[in-house]
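Report on the structure
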Amino acid sequence: MTAAPGKRIIIVGGGASGVLMACHLLRDPRDNCVVTLIERRERVGPGLAFSTDRPEHLLNVRAANMSAFPDDPLHFWHWLSEAAASRFEPCPDPYCFAPRHLYGEYMSQLIAQERAGPDGQDRLTIVRGECRTIEERAGRVVATLDDGTTHLGQVAILATGNEAYDWQQADRHVSPWTAEATRAAEIGKPILILGTGLSMVDYVLTLLQKGFAGPIHALSRRGLLPRVHRDASLVRFDKEDIPFGASGASLLRWFRARLTDHERQDGDWRGVVDGVRPFSQEIWWKLSSRSKARLLEHARAHWDVHRHRMAPQADRQLQEAIASGQLRILSGRMLSCEAGEHGLSVSYRPRGQPAPEMLSVGSIIDCRGITGDPFLSTNPVLQSLLRQGLARVDALRIGIDVSADHAVLDASGAASRRLFAIGPLTRAAFWETVAIPDIREQCTRLARQIGLLAVAA
């Protein structure tokens, strides 16, 4: 295929996924893409993941792995050293864990720097508003915003990112990113946190930073905490070593055997997990639906805590709070919650125990993170695509169905020629789609594909 100049691309979502996609499309002037980026938030770049303004919230990936561009791996580190060094304690090397809000600034500056083409013409239009619908009309895609305005393109890319849990539907649950959660820290009454993942870690660090001295209970089904980053020698696998297409059970046996072999040689499990990462998307793609379902049910929580780790600084503070008795990590299920004169009375059943136990708390902070089920999404453009039959929810209800080249599949399973998706929306197909190193690879592939795509002008 030959490059088709002047392609008009619509990107829905101006968080990290959308900004990375735009930057990759605009980076190569030979493609001559014209991009319209639609974002409902005031700031373009941070999105949900990097919108925090708390300095204690650190990236969960080293700076050396956070570059926007795979072919320039220290791009973020160089920006951090030059543009942001005066605003945080300098790191001694590219393997530091920088404050997360700085990555949001990095995204914002990237989009500003990449917007002008070689002829000085602005090839990027940023539209602030909520995209309500995307339709295909006469060989075009038409995006309609909440104010009724429309935008035309040859291709549309869904980059809506992570979607937070709808706390309005949860009785007495409070989002950790709201003013109400801040007030809970100031009141000083015991706090129950639902979830023991990275969102919980962030909220606990904020509580400690604010001087909260009361009891903190963190409850999840298994009570698993994210593991901590450590320096570990990478185990390098060849593609021939990976049992692609094996059942989930066989895959787990293979993985555990690799861990055992490595640990017998005094190796660190992190080296095995990180060595498998370059193959994880293909492994997932080639699993049967049955194996995917079983892995989600039985292995997902354990994989997540080993794969998505926390910075050593965060781990130290968390372990100190646990050792002092201020923070309790509980495994079990919440059964009920009743409001009383002195706060909330919560009943929960500890894992493996027949009888429930009670907690008396002042607030319940919901840190269970994001929702992946499109049927629960409040995103109007996604719901519109599902109603039109231009997209369909995958069988496991963790995303929408897309092809190997990121084309959205319609209700009949046919791949669109004009509608694509990247980032967390594509987890059903690729699984590993939420971290920057994975998303930037998606953007690289899709930008190259669109650069060669022959679409009618």
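Above this note sits the structure.
Residues numbered from 1 in each chain as written. Predicted model: local features only at pLDDT ≥ 70, side-chain atom pairs only at ≥ 80, totals over all residues. Heavy atoms only, no water.

**Quick look at empty space enclosed by the protein**
Empty space among the atoms can be located by rolling a probe the size of a water molecule over them. To be explicit about the condition: Residues are said to line a cavity or pocket when one of their atoms sits within 4 Å of a point; the points come from a 1 Å grid over protein atoms alone, cavities being sets where a 1.4 Å probe fits but cannot get out and pockets being open sets with protein on both sides within 12 Å along at least five of seven lines. Grid points are joined across faces, edges and corners, and a volume is the space filled by probe spheres set on the points. Helical segments are the DSSP runs of H or I of at least four residues, strand segments are the runs of E of at least two, and each set is numbered from the N terminus.
Under the counting rule described, the total for this entry stands at one cavity of 30 Å³ or more. Every residue lining the largest cavity is listed: L58, N60, L198, V201, D202, L205, M310, A311 and A314. Here the element with the most residues in the lining of the largest cavity is helix α5 (residues 198-209); it accounts for four residues.

**Some remarks on the pairing of strand β14 (residues 357-361)**
Threshold: Between any two strands, at least two bridges found by DSSP are needed for them to pair.
As paired strands, strand β13 (residues 343-350) and β14 are joined by five bridges and run antiparallel to one another. Across the sheet, V346 pairs through a bridge with L359, a residue of β14. Adjacent in sequence and paired antiparallel, β13 and β14 are bridged by six residues, among which G352 carries a positive phi angle near 80 degrees.

**Here we look at the packing of helix α1 (residues 16-27) against helix α3 (residues 100-113)**
We apply this condition: Think of each axis as a best-fit line through the C-alpha atoms, taken over the contacting stretch in the case of a helix, with angles from 0 to 180 degrees between the N-to-C directions. For classification purposes, an angle smaller than 35 degrees is called roughly parallel, one larger than 145 roughly antiparallel, one from 65 to 115 roughly perpendicular, and anything else oblique. Crossing handedness is read from the near helix: turned anticlockwise from the far helix by less than a right angle, it gives a left-handed crossing, and turned clockwise, a right-handed one. In what follows, a contact means two residues having at least one pair of non-hydrogen atoms within 4.5 Å. Polarity classes work like this: nonpolar for Ala, Val, Leu, Ile, Met, Phe, Trp, Tyr, Cys and Pro, charged for Asp, Glu, Lys and Arg, and polar for all others, with Gly in that last group.
Two elements in contact, α1 and α3, have axes whose closest approach is 10 Å; the angle formed by their N-to-C orientations is 30 degrees. Taken as axis vectors, α1 and α3 run roughly parallel relative to one another. Viewed along their axes, α1 and α3 form a crossing whose handedness is left-handed. On α3, the residues that touch A16, V19, L20, A22 and C23 of α1 are M107, L110 and I111. Its residues assigned to classes, the contact of α1 with α3 shows eight nonpolar, no polar and no charged.

**Here's the deal with the packing of aromatic side chains**
Put simply, the test is: Aromatic pairs are defined between Phe, Tyr and Trp rings, using the six-membered ring for Trp, whenever the two ring centres lie within 6.5 Å; interplanar angles under 30 degrees are classed as stacked, those over 60 as edge-to-face, and all others as tilted. Categorising residues by exposure relies on relative accessible area from a 1.4 Å probe, with only protein chains included: less than 20% of the type maximum marks a residue as buried, more than 50% marks it as exposed, and the intermediate range marks it as partly exposed.
Overall, the coordinates contain eleven aromatic pairs when judged by the stated rule. Ring centres of W79 and Y106 lie 5.5 Å apart, and the angle between their planes is 55 degrees; on these two criteria the pair is classed as tilted. Of this pair, W79 sits in helix α2 (residues 75-83) while Y106 sits in helix α3, and the two are 27 residues apart along the sequence. Accessibility assignment for this pair places W79 and Y106 in one class, buried. Summarising the aromatic geometry, the rings of W285 and F430 are spaced 5.7 Å apart at their centres and angled 15 degrees between planes, so their arrangement reads as stacked.

**Digging into the sheet that holds strand β10 (residues 191-194)**
Read from one edge of the open sheet, seven strands run β9-β15-β10-β11-β12-β13-β14, paired in mixed fashion. In the strand order of this sheet, the two ends are held by β9 (173-174) and β14, each with one partner. Helix α4 (residues 179-187) contacts β9, β10 and β15 (363-366) of the sheet and is inclined by roughly 135 degrees relative to β15.

**What about the pairing of strand β18 (residues 415-421)?**
Looking along a regular strand, one sees the side chains alternate between the two faces of the sheet. The buried fraction of β18 is high, at five of seven residues. Relative to β18, strand β7 (residues 155-158) runs parallel, the two being bridged by three bridges. Following the sheet pairing, I157 is matched in β18 by F420.

**So, unusual backbone geometry**
In this structure, D266 is a non-glycine residue whose phi angle is positive, near 65 degrees. You can see D266 is positioned in the loop between α6 (248-264) and α7 (269-276). Looking at D266, the relative accessible area reads 74%, which means it is exposed. At W431, a residue that is not glycine, the phi angle is positive and equals roughly 65 degrees. Here W431 is to be found in the loop between α13 (427-430) and α14 (436-451). Its relative accessible area of 15% is what places W431 among the buried residues.

Purely geometric numbers; function is a separate question.
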